[in-house]
Amino acid sequence: MVDLAEAKPRAKKIVQALRKQYPDTRTALNFSNPLELLVATILSAQCTDVRVNLVTSKLFKKYKTAEDFAKARISTLEREVQSTGFFRNKAKNIKACCRALVEKYHGEVPRDLDALVELPGVGRKTANVVLGAAFGIAVGVVVDTHVGRISRRLGLTGEKDAVKVERDLMQLIPRREWVDFSHRMIHHGREVCMARRPKCDECCLERWCPRIGVAS
Ligand code: SF4
């Protein structure tokens, strides 16, 4: 359990420092509409954004609507997304997800968390990414492995479970910051506060970080 009264003023400083350090928060995934972002986000599990962008640059030229993906031959789609890893699962989820979009939402991506998480292959994290980046709707804080790890090190949460981490962060971070905060923390986790050997000496958050669990 974190002491919210203690953590809140620090969280405010952390939000400010991250904003200064990473003023541009656009997602690194390329997309031109919500459907493309949804597909790219499904593909991004355990894969770099650079690789996903390489794959989707071809994929989105061929598949333009949810119906296109829903009708795709699964073996073809698997081959097309193969280099992103876990390709069988990802191809299956993209096809099933797009079939559900066609059947229930006229091929459109719903702007609603509960509807999104019902779609095959779409968890709360993916739903939050899509709502935040494609629609500008903040219903939660995206908690991936980077956000979870850094939040624990910063003492903003003591939780391991992503849903509980998100619950703590939603109490500490102002709602208007949720979307950008996630993007910035993910960026910070890739560049500075890595799982192994975080670069604390170069970190913009060092002043406010108790470095919980970090070997000195
Ligand atoms: S000071 Fe170190 S542990 Fe804390 S956020 Fe920065 S890199 Fe991570």
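Bear in mind the structure is a predicted one, so any value in this text is a computation, not a measurement.

(A) Local environment of the overall build of the chain. When its secondary structure is counted, the chain shows 11 helices and zero strands. Taking 2.2 N^0.38 as the reference for a compact globule, 216 residues should give roughly 17 Å; the C-alpha atoms of the chain span a radius of gyration of 18 Å, in line with that estimate. In terms of overall dimensions, the chain has C-alpha extents of about 55 × 30 × 30 Å along its principal axes. Counting the 216 residues in the chain, one finds 49% classified as buried. Within the chain, counting contacts between residues at least 6 apart in sequence, those at least 24 apart form 60% of the total. Counting only carbon and sulfur atoms, one obtains 50% of the accessible surface of the chain, whose full area is about 11,800 Å².

(B) Here's a closer look at the nonpolar core. L59, F69 and L77 are the most contacted members of the largest nonpolar core, which has 36 residues in total. For this core, the secondary-structure elements that each account for two or more residues are α2 (34-43), α3 (49-62), α4 (66-70), α5 (74-81), α6 (87-105), α7 (113-117) and α8 (124-135). Setting aside residues up to four positions removed in sequence, L77 forms contacts with L59, Y63, F69, A72, A91, I94 and K95. A7, L18, Y22 and I186 belong to the second-largest nonpolar core, a separate cluster that totals 27 residues.

(C) Quick look at unusual backbone geometry. Positive phi, close to 55 degrees, is recorded for Q46, a residue that is not glycine. Mapped onto the elements, Q46 comes out in the loop between α2 and α3. According to the relative accessible area criterion, Q46 is exposed, its value standing at 69%. The backbone phi angle of H106 is positive, close to 55 degrees, even though this residue is not glycine. Note that H106 resides in the loop between α6 and α7.

(D) Here's a closer look at the site of the ligand. Around the ligand, a shell composed of R153, C193, P198, C200, C203, E206, C209, R211 and V214 is seen. Its residues assigned to classes, the shell around the ligand comprises six nonpolar, no polar and three charged.

(E) Looking closely at the side chain of E78. Its location among the elements puts E78 in helix α5. For E78, a relative accessible area of 17% puts it in the buried group. Once residues within four sequence positions are removed from consideration, E78 is found in contact with F87, R88 and A91.

(F) Local environment of the environment of V109. On the secondary structure map, V109 appears in the loop between α6 and α7. Here the alpha-carbon distance between V109 and L38, two residues 71 residues apart in the chain, equals 8.2 Å. Leave out the neighbours within four places in its chain, and V109 touches P34, L35, L38, L101, L116, V130 and F135.

(G) Layout of the side chain of N128. Within the secondary structure layout, N128 lies in helix α8. A residue is classified by how much of its surface remains accessible, and N128, at 6% relative accessible area, is buried. Not counting residues within four places of it along the chain, the set of residues in contact with N128 comprises L113, V139, G140, V141, V142 and E166.

(H) Region of the structure containing helix α10 (residues 162-172). Of all the positions in α10, only V165, E166, D168, L169 and L172 are classed as buried. Along the axis of α10, the buried residues cluster in a sector spanning 165 degrees; they form a single face. Turning to α10, the residues buried within the fold contact α1 (4-21), α8, α9 (145-153) and α11 (178-191). Capping of α10 at its N-terminal end is provided by D161; its side-chain oxygen lies 3.2 Å from the backbone amide nitrogen of V163.

(I) Inspection of the pattern of salt bridges at higher detail. Tallied over the entire structure, the rule returns nine salt bridges. Between K62 and E80 there is a salt bridge; the shortest N-O distance is 2.7 Å. Taken as a pair, K62 in helix α3 and E80 in helix α5 lie far apart in primary sequence, 18 residues in all. Residue classification places K62 among the partly exposed residues on the basis of a relative accessible area of 46%. Across the pair E78 and R88 runs a salt bridge, and its minimum N-O distance is 4.0 Å.

Conventions and cut-offs
Residues numbered from 1 in each chain as written. Predicted model: local features only at pLDDT ≥ 70, side-chain atom pairs only at ≥ 80, totals over all residues. Heavy atoms only, no water. Helix = DSSP H or I, 4+ residues; strand = E, 2+ residues; numbered from the N terminus. Rg over C-alpha atoms; globule rule 2.2 N^0.38 Å. Buried < 20%, exposed > 50% of the residue type's maximum accessible area, 1.4 Å probe, protein only. Contact = heavy atoms within 4.5 Å. Areas by Shrake-Rupley, 256 points an atom, 1.4 Å probe, with all protein chains shown as cover. Core = buried A, V, L, I, M, F, W, Y, C linked by side-chain atoms within 4.5 Å. Near = heavy atom within 4 Å. Nonpolar A, V, L, I, M, F, W, Y, C, P; charged D, E, K, R; others polar. Arc of directions from axis to C-beta. Polar contact = N/O pair within 3.5 Å; in protein donor to acceptor, adjacent residues only side chain to side chain. Salt bridge = Lys/Arg side-chain N within 4 Å of Asp/Glu carboxyl O.

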